[in-house]
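Summary of the model geometry
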Amino acid sequence: MTLSEWAIKFSEASDQDKTIGAMARYFTCKYMLDMEHTKIIVEMVDGKVYRMNISPSGMDAYDFALRASAETWREFARPIPKPMYHGIWSASFRKDLKIEGNTLVLMQNLRNFTVQFELLRKVGVPV
Amino acid sequence: MVKHSPVTGRYVTIDVDGCEYKVFYLQNGQGTPLVCQHTAGCHNHQWRDLLEDDEFTSKYNVIAYDLPRHGKSDPPHNKEWWKEEYRLTADHFVNFIVKLCDALELENPIFMGSSFGGNVALQLALRHPDRFRAVIPVEAAAHAPGFFLDLWRHPHANAAQVCGSGIWDLMAPQSPDQDRWLTWHYYTQGSESFKGDLYFYSVDHNLTDQLSQIDTKRCPVIMMTGTYDYLTPPEATQETASKIPSGVYIEMEDIGHFPMSENHQLFREYLREALRIIMDRTDA
C-alpha cells in the first residue's frame, strides 16, 4: 500500500465513520502523524478530512503532533493492539509516543480524534 | 410486562469532618456486606452488573455508593463548597467510608474499590484493619503519580468529553463497545470532580514506606489489576502486593482500569477467586 493509497483509505474511513459523524460539526484541527521516516499532516474541517499532506515541508503548520517509532505505529495498527499500544495515552505513558504542540487543540477535539486514531486498526499504517 | 430491577437506591445523611453529606447508595443481596467504591470522577453505575449478578448477591449484600460530589451524592449541604477548590485528601476519604459503614450498621464488611477506590482500600487496611473483614484494591498501587492535571477541567475545552475520552484507553480494546461507551458516558458526568479526586489518587496517597505495616492477619488484602491498565500497570500492583506481608496479587488478562464497568463478565471470574481467598482466610 503506497502512502497515497493509505491516505485515501484513511480519509474514506474517517469520513464514513458513524461515531465521528454523530458529533462531527466542530471537529476542526490540523495534526501531524510522525511515523519516524514518514510524516503526514491531517487537516480536519467540520468533521471531514479536508486535506492529507503526505509530503509536508518544514514550514507546513499544524496544531499538534504525535511522534513515535515506526514499530510503535505498526503496533497501533494491529486489530487488537497489545497492552500499552492500545491508545495515545497508554503509549505516551509507557512507550515511545510523544505528544507535542498545542495540546489544548487536541483536548478540544479529543472525542473524535480518539475515534479517528483507532481507525488505524482497520486501515493499517503506511510504515 | 414491566421489568423491575431488584436493586434499590436510598439516601443516608452523615457527618464527616464537619461536612454534612446526603449520600446515595444502591443495594442488592444478602449476606456478607460487600461495599463498592467507584473510580475517580465517576459514580456507582460502574457496579451496575455486579449489583444484579445473582451468583454474588445470593451470598453478599452488595452496596455501591456515590462519593459526595459524584452521581446523586451532593457536595456538603452545610458548606459554601463552591468558594474553594475541591481536593480530596486521604484522611477525609477514609473517614467518609468508615462513617458510611457505621451509618449503615455494616458488620465486618469487605471493601472493594477500583483506581482511587483501590488506593483508599489500601489506606483502610492500614488504618482500620479491624473495621473491615478484608479489602480488594482493584487497579491500585502504593503510589500512582502523574494524573493530577489541569487538562481535566480546562475552561477552553469541553471538560465532559475530555474526561470521557481521556480515560478511553484505560480500557481494553477487547471490552464490549456497549460497556466502554457506558463508562465513557459516566465520565462525561463527573468532570468537575475528577481533578479533585485525582489529588488523592496521584498526590496525597502514598503508602510506599508503610506497606509493611499493613496487618493482613486482621485485614487480608487481595489486589487485582488488568493487563491493559497503563496508569497502574500490572507490575506496579504486583510490586505493591509483594511488599504487603501475605498480600495477594491477581493479574487480570485482557481488561483495563475499569474492570467492573468495562467488562463485568470477565471481571466476575477474577472477583470470584478474590472472594474465595478471603473466605478461606477469614472463615475461622
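Whatever comes next refers back to the structure up there.
Below is a summary of the structure that appears in this document. The model shown is predicted, which means the values in this text are computed figures rather than measured ones.

This part takes up the side chain of Ser114 of chain B. Residues and elements named next belong to chain B. In this fold, Ser114 is placed in strand S5 (residues 110-114). Using a relative accessible area of 0% as the deciding quantity, one classes Ser114 as buried. Residues within four places of Ser114 in sequence aside, it is in contact with Gln37, His38, Thr39, Val138, Glu139, His257, Pro259 and Met260.

All names here are of chain B. Along the chain, Thr188 turns up in helix H6 (residues 177-188). One polar contact links the side chain of Thr188 to the main-chain carbonyl oxygen of His185, over a distance of 2.6 Å. Excluding its chain neighbours within four sequence positions, the residues that come into contact with Thr188 are Ala160 and Gly164.

Right, let's get into the packing of helix H5 (residues 159-166) of chain B against H6 of chain B. All names here are of chain B. Running from amino to carboxyl end, H5 crosses H6 at an angle of 145 degrees, the nearest separation of the two axes being 7 Å. The element H5 and its partner H6 pack so that their crossing is right-handed. Residues Ala160, Gln161, Cys163, Gly164 and Ser165 of H5 form the contact with H6, whose own contacting residues are Trp184, Tyr187 and Thr188. Residue composition of the contact of H5 with H6, grouped by class: four nonpolar, four polar and no charged.

Positive phi outside glycine occurs at Met84 of chain A, with the angle close to 80 degrees. With respect to the helices and strands, the residue Met84 of chain A is situated in the loop between helix H3 (70-76) and helix H4 (88-94).

With 24 residues of chain B in contact, the opposing surface of chain A contributes 23 residues. Both faces combined, the contact of chain B with chain A buries some 1,900 Å², and carbon together with sulfur accounts for 68% of it. It is Asp169, Tyr228 and Tyr230 of chain B in chain B that bury the most area against chain A; as a group they hold 29% of the surface buried on that side. Our count for the chain B to chain A interface comes out at zero salt bridges. On inspection of chain B and its partner chain A, the count reaches ten residue pairs in polar contact (both at pLDDT 80 or more). Mapped by element, the contributors of at least two residues to the side of chain B that touches chain A are H5 and H6 of chain B. Take the side of chain B that touches chain A: its biggest share by element is four residues, from H5 of chain B. Counted by class, the side of chain B that touches chain A contains 13 nonpolar, eight polar and three charged residues.

Residues and elements named next belong to chain B. Secondary-structure assignment places Met112 in strand S5. Judged by its relative accessible area of 0%, Met112 falls in the buried class. Considered as a pair, Met112 and Thr32 are 80 residues apart in the sequence and their alpha carbons are 13 Å apart.

The next point concerns the sheet that holds strand S5 (residues 98-101) of chain A. Residues and elements named next belong to chain A. The strand order across the open sheet formed by five strands is S3-S2-S1-S4-S5, and the pairing between neighbours is mixed. Each having just a single partner strand, strand S3 (48-53) and S5 make up the two edges of the open sheet. Strand-to-strand twist across the sheet, computed as the mean angle between neighbouring axes with direction ignored, equals 20 degrees. Relative to S5, strand S4 (residues 64-67) runs antiparallel, the two sharing four bridges. Across the sheet, residue Phe64 finds its bridge partner in S5, namely Gly101. Contacting strand S1 (29-34), strand S2 (39-45) and S3, helix H1 (residues 3-16) runs over the sheet at an angle of about 165 degrees to S3. Contacts from helix H6 (residues 110-117) reach S1, S2, S3 and S4, with the element oriented near 30 degrees to S4.

Parameters at a glance
Residues numbered from 1 in each chain as written. Chains lettered and ligands numbered in written order. Predicted model: local features only at pLDDT ≥ 70, side-chain atom pairs only at ≥ 80, totals over all residues. Heavy atoms only, no water. Helix = DSSP H or I, 4+ residues; strand = E, 2+ residues; numbered from the N terminus. Buried < 20%, exposed > 50% of the residue type's maximum accessible area, 1.4 Å probe, protein only. Contact = heavy atoms within 4.5 Å. Polar contact = N/O pair within 3.5 Å; in protein donor to acceptor, adjacent residues only side chain to side chain. Axes fitted to C-alpha atoms, helices over the stretch in contact; angles between N-to-C directions. Left-handed = near helix turned anticlockwise from the far one by under 90°. Nonpolar A, V, L, I, M, F, W, Y, C, P; charged D, E, K, R; others polar. Buried area = accessible area lost by both parts, 1.4 Å probe. Salt bridge = Lys/Arg side-chain N within 4 Å of Asp/Glu carboxyl O. Pairing = 2+ DSSP bridges.

By themselves, these figures tell us nothing about what the structure is for.
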